[in-house]
Each structure stands twice: as C-alpha cells, then as structure tokens.
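# Structural features, examined
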Amino acid sequence: MTGLITSDLHLNENQRDQHRWDFVCKVLPRLLEKHQVDWLAILGDLTDEKDNHSAVLTNKIVSLL
C-alpha cells in the first residue's frame, strides 16, 4: 500500500498564492497517479486562516477533496 503525505497547504483566495492551488490541482493529481498512491494524508493547515472562510473557498476545497 502506497501513501503520500503533504502538509500546510494554506489554501486561500488571494491571487498572490495561486501557486498553492496549482500544486493541489495540477501537480498533486499527477503525483498520485504516477506513484499509484492508495491514500493521501494532508497534515497541518489546509487553509491560510483559522475560520470565517468564504463559501467560494469552502466549496472549492470540498469539491477538490
């Protein structure tokens, strides 16, 4: 069984941090497929802020996962 661990993605809606979304939406799926990963653990901070996230950000993260 193969696993992949990543951490502290700090996702947010700030355009300045688009590279984080690029990793999650483009790079991560390729890694999962290439290495035939059975499970993924996201440790640390998934979002940049503690709470009060917009519905847009929340829905984007939920649809991604």
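Report on the accompanying structure. Residue positions within a chain follow its written sequence, with the count starting from 1. Only residues with pLDDT of at least 70 are given local features in this predicted model, and only at 80 or more are side-chain atom pairs given and counted; all residues enter the totals for whole chains, interfaces and linings. Excluded from the side-chain calculation are hydrogens and water; included are all heavy atoms of the structure.

## Quick word on the pattern of salt bridges
Think of a salt bridge as a Lys or Arg side-chain nitrogen and an Asp or Glu carboxyl oxygen that are within 4 Å of each other. One pass over the structure, following the stated rule, counts 4 salt bridges. Linking Arg20 and Asp17 is a salt bridge whose minimum nitrogen-to-oxygen distance equals 3.6 Å. Overall, Arg20 belongs to the partly exposed group, its relative accessible area being 23%. Three labels apply to residues, based on accessible area from a 1.4 Å probe with only protein chains included: buried if under 20% of the type maximum, exposed if over 50%, partly exposed otherwise in between. Among the residues examined, Asp17 registers a relative accessible area of 4% and is labelled buried. A salt bridge links Arg20 to Asp48, with the shortest nitrogen-to-oxygen separation between them at 3.8 Å. Here Asp48 lies in the loop between strand 2 (39-43) and helix 2 (55-64) and Arg20 lies in helix 1 (residues 18-34), a separation of 28 residues in the sequence. For Asp48, a relative accessible area of 30% translates into the label partly exposed. Only DSSP runs of H or I with at least four residues qualify as helices, and only runs of E with at least two residues qualify as strands; both kinds are numbered from the N terminus onward.

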